[in-house]
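Take a look at the letters that make up each chain.
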Amino acid sequence: MLIVVTGVSGTGKTTIGSGIAHSLNLPFFDADNFHPKENIEKMSKGIPLNDVDRLPWLQSLAELLADHEKKGGAVLACSALKESYRELLKGKNSVHWIHLKGDKELIWRRMLARKNHYMKAGMLDSQFATWEEPRYGLKLNILHTPEEMLSQALRYLGVSEGTNS
């Protein structure tokens, strides 16, 4: 089972994705850890990435997912802001999508509180401008607690909580 948790920065993709992975006993990957050095440097300076910057990163993530489809699955936390990015990530695989959504002001406050993260809060506007809301998958409002969101996600995936914990 391949699961991709999407949303703009600061929505809780890592928290929800790692919770799902733990519950399903699947490996968890945070797409932020796969950015090339050039992307990290650009974002650290407050410069938003463009499609050219993202393409090699997305291709490596698509390969990672395809590889893990053969091994029983994985959970990936990835912004996947555009439909073209999600199509690239999916490839020929069957993917369960979970999209985290929330109010820009709440996300802004969360990002300002972050420490030691290269994505700067000021880049949130570019992420909201880039975001293409999908018409499929589970959409979770980040006003819910992480526990409530995890519970909703597991129900969507057709598993009971604590399946393999």
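An account of the accompanying structure is given in this report.

### Comments concerning unusual backbone geometry
Here is step 1 of the chain: One non-glycine residue, Asn25, lies in the positive phi region at around 55°.
Here is step 2 of the chain: Within the secondary structure, Asn25 sits in the loop between helix H1 (13-24) and strand E2 (28-30).

### Focus: the nonpolar core
Here is step 1 of the chain: Core analysis: the biggest nonpolar cluster contains 42 residues, and Ile3, Ile20, Leu76, Cys78, Leu89, Ile98 and Leu100 have the highest contact counts within it.
Here is step 2 of the chain: Per-element accounting of this core gives the leading share, five residues, to helix H3 (residues 51-70).
Here is step 3 of the chain: What Cys78 contacts, discounting residues up to four positions off in sequence, is Val4, Val5, Thr6, Gly7, Lys13, Ala31, Trp57, Leu61 and Leu89.

### Digging into the packing of aromatic side chains
Here is step 1 of the chain: Counted according to the given criterion, the structure contains two aromatic pairs.
Here is step 2 of the chain: Where Phe29 meets Phe34, the ring centres are 6.1 Å apart and the plane angle is 65°; that geometry is what we call edge-to-face.
Here is step 3 of the chain: Phe34 sits in the partly exposed class, given a relative accessible area of 33%.
Here is step 4 of the chain: With a centroid separation of 6.1 Å and 70° between ring planes, the pair formed by Trp97 and Tyr136 is classed as edge-to-face. Placement of Trp97 in strand E4 (residues 95-101) and of Tyr136 in the loop between helix H6 (124-130) and strand E5 (138-141) is noted, with a sequence separation of 39 residues between them.
Here is step 5 of the chain: Exposure remark for Trp97: the relative accessible area of 6% places this residue in the buried category.

### As for the sheet that holds strand E1 (residues 2-6)
Here is step 1 of the chain: Spatially, the five strands line up as an open sheet ordered E2-E3-E1-E4-E5, and their pairing is parallel. Because the sheet does not close on itself, it has two edges, and the strands there are E2 and E5. Strand-to-strand, the axes of this sheet are offset by a mean angle of 20°, without reference to chain direction.
Here is step 2 of the chain: Relative to E4, E1 is paired through five bridges, and the arrangement is parallel. When the bridges of E4 are listed, Ile3 appears paired with His96.
Here is step 3 of the chain: Across the sheet, H1 is in contact with E1, E2, strand E3 (74-77) and E4; its angle to E1 comes to roughly 160°.

Conventions used here
- Residues numbered from 1 in each chain as written.
- Predicted model: local features only at pLDDT ≥ 70, side-chain atom pairs only at ≥ 80, totals over all residues.
- Heavy atoms only, no water.
- Helix = DSSP H or I, 4+ residues; strand = E, 2+ residues; numbered from the N terminus.
- Core = buried A, V, L, I, M, F, W, Y, C linked by side-chain atoms within 4.5 Å.
- Buried < 20%, exposed > 50% of the residue type's maximum accessible area, 1.4 Å probe, protein only.
- Contact = heavy atoms within 4.5 Å.
- Phe/Tyr/Trp six-rings, centres within 6.5 Å; stacked < 30°, edge-to-face > 60°.
- Pairing = 2+ DSSP bridges.
- Axes fitted to C-alpha atoms, helices over the stretch in contact; angles between N-to-C directions.

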